[in-house]
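Summary of the model geometry
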Amino acid sequence: MTHVLILVPDPAYPEPWAWAFHVEAEALRAAGFEVSARPWTAPGDLAPFDAVLPLVVWGYHERYEEWLALLDRLEREPVPTINPPPLLRWNSDKAYLAELDAVGVPTVHTLAVDALDEQCLREARDQFGSDRLVVAAHGEYSLMLFADRFSHAILKRPKSGDFRVQPHLGGTERPCEAPEGSIALAKSALAAAPAEALYARVDMVADEDGALRIMELELIEPALWLQHAPDKGAGFASTIRRAIEQPLAQG
């Protein structure tokens, strides 16, 4: 039986995460995988596993140097990491949005700063000519793709008076048809990444003119909303199995 390790948050991480882990783990178990979980901050010996999946490494941005050190280790390990560490490292720095924009992939208007403070907010308001910096009036579309193959889409909306769409913060999600042009946009964004993403969630929103723009590529620890997939995650599991049985170079 193929045995995979899903990396999950550190025990001290404060937000609920099991809702995301269980959906992805059960999809793998339904396909015949044995699934274990360990904190990404203490993954231990990886030799017993056929692959490592950093699907729930929530909080990595708060311990960034520790996360980068883990990626260095995973690159040295003989056990494959899915997605591959070079892709995870690239996706860890939100400066990749500027890279996408530079090659013609429509992205949300973005200003990169080292740390957020009131001065940065004032500069952003001046640069964008707006007092409101986060607007999600129509919601956020998320498209799930496995090895560049579209699986399903959802529409996420925040609760009234908020902009955050996470379910533990009051956001809601529902399955939807992929908006016109969204699959092509998602694939163009993934094509600009430095390696193939075996699993990806591509988040996008419509701008003031109704044109879709990439908001984020979630290639590290995305909630994949497999409960809304027509196949309930079978395509995700088969993609992981193919990656293990026919491994690609991690570089």
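Residues numbered from 1 in each chain as written. Predicted model: local features only at pLDDT ≥ 70, side-chain atom pairs only at ≥ 80, totals over all residues. Heavy atoms only, no water.

Things to note about helix 1 (residues 18–30)
Taking 1.5 Å per residue as the helical rise, helix 1 with its 13 residues ought to reach 18 Å, and the 18 Å between its terminal C-alpha atoms agrees with that figure. The set of residues buried in helix 1 consists of A20, F21, E24, A25, A27 and L28. For helix 1, the angular spread of the buried residues around the axis is 155 degrees, confining them to a single face. Lining the buried residues of helix 1 we find strand 1 (3–8), strand 2 (34–39), strand 3 (51–53) and helix 7 (234–245). A positive phi of about 100 degrees marks G32, the residue just after helix 1. (Helix = DSSP H or I, 4+ residues; strand = E, 2+ residues; numbered from the N terminus. Expected span 1.5 Å × (residues − 1). Buried < 20%, exposed > 50% of the residue type's maximum accessible area, 1.4 Å probe, protein only. Arc of directions from axis to C-beta. Contact = heavy atoms within 4.5 Å.)

Some points on empty space enclosed by the protein
Any empty space left between atoms is shown by rolling a water-sized probe over those atoms. Here the structure, examined in full by the defined rule, presents one cavity of 30 Å³ or more. Of the volumes computed, that of the largest cavity is approximately 40 Å³. Lining the largest cavity are W19, A20, V23, E24, A223, L224, W225 and Q227. Classifying every residue of the lining of the largest cavity by side-chain character gives six nonpolar, one polar and one charged. (1 Å grid on protein atoms, 1.4 Å probe; cavity = no way out; pocket = protein on both sides within 12 Å on 5 of 7 lines; lining within 4 Å. Points joined across faces, edges and corners; volume = space filled by probe spheres on them. Nonpolar A, V, L, I, M, F, W, Y, C, P; charged D, E, K, R; others polar.)

Quick look at the sheet that holds strand 2
Pairing within the open sheet is parallel, and its three strands lie in the order 2-1-3. The outermost strands of the open sheet, each flanked by one partner alone, are strand 2 and strand 3. Neighbour-to-neighbour, the strand axes of the sheet open up by a mean angle of 30 degrees, direction not taken into account. Judged from the six bridges that link them, strand 1 and strand 2 form a sheet pairing that is parallel. Its bridge partner being in strand 2, V4 is matched across the sheet by V35. (Pairing = 2+ DSSP bridges. Axes fitted to C-alpha atoms, helices over the stretch in contact; angles between N-to-C directions.)

A few points about the nonpolar core
One recurring pattern in soluble globular proteins: nonpolar side chains tend to sit buried together. The biggest cluster of nonpolar side chains holds 31 residues, and the ones touching the most others in it are I6, L28, I82, F236 and I240. At the level of elements, strand 1, helix 1, strand 3, strand 4 (140–146) and helix 7 are the ones that each hand at least two residues to this core. If we skip the residues at most four places from it in the chain, F236 touches E24, A27, L28, L55, F146, Y199, L224 and L226. One finds A197, A200, I214 and L219 within the second-largest nonpolar core, a separate group that totals 25 residues. (Core = buried A, V, L, I, M, F, W, Y, C linked by side-chain atoms within 4.5 Å.)

Considerations on the side chain of R201
Within the fold, R201 resides in strand 7 (residues 199–206). In this structure R201 comes out as buried when scored by relative accessible area, which is 8%. Polar contacts involving the side chain of R201 include one to the side chain of D203, which spans 2.8 Å. The contacts of R201, once residues within four sequence positions are left out, are S142, L143, M144, K156, E216, L217, E218, P222, A223, L224 and W225. (Polar contact = N/O pair within 3.5 Å; in protein donor to acceptor, adjacent residues only side chain to side chain.)

Concerning the pattern of salt bridges
Per the counting criterion, the structure on display carries 12 salt bridges. Across the salt bridge formed by R201 and E218, the nearest N and O atoms sit 3.7 Å from each other. Linking R201 in strand 7 with E218 in strand 8 (residues 212–218), this pair joins segments that are 17 residues apart in sequence. E218 matches R201 in its accessibility class, with the two residues each being buried. Close ionic contact of D207 with R213 constitutes a salt bridge, the shortest N to O distance being 3.0 Å. Classification of D207 by relative accessible area gives buried; the value is 16%. The exposure class of R213 is partly exposed, given its relative accessible area of 21%. (Salt bridge = Lys/Arg side-chain N within 4 Å of Asp/Glu carboxyl O.)

Regarding helix 7
What sets the pattern is the α-helix's 3.6 residues per turn: residues three or four places apart point alike. Compared with the 16 Å implied by 1.5 Å per residue over 12 residues, the 16 Å span of helix 7 between its first and last C-alpha is a close match. What helix 7 keeps buried is the set F236, A237, T239, I240, A243 and I244. End-on, the buried residues of helix 7 take up no more than an arc of 160 degrees, which puts them together on one face. In this structure, the buried residues of helix 7 make contact with strand 1, helix 1, strand 3, strand 4 and strand 7.

Remarks on the sheet that holds strand 8
Strand order in this open sheet of five strands is 6-5-4-7-8, and the pairing throughout is antiparallel. Only two strands of the sheet have a single partner each, and these edge strands are strand 6 (172–176) and strand 8. For this sheet, the mean angle separating the axes of adjacent strands, direction not counted, is 30 degrees. Bridge count between strand 7 and strand 8: six bridges; the pairing is antiparallel. Bridging across to strand 8, A206 finds its partner in L212.

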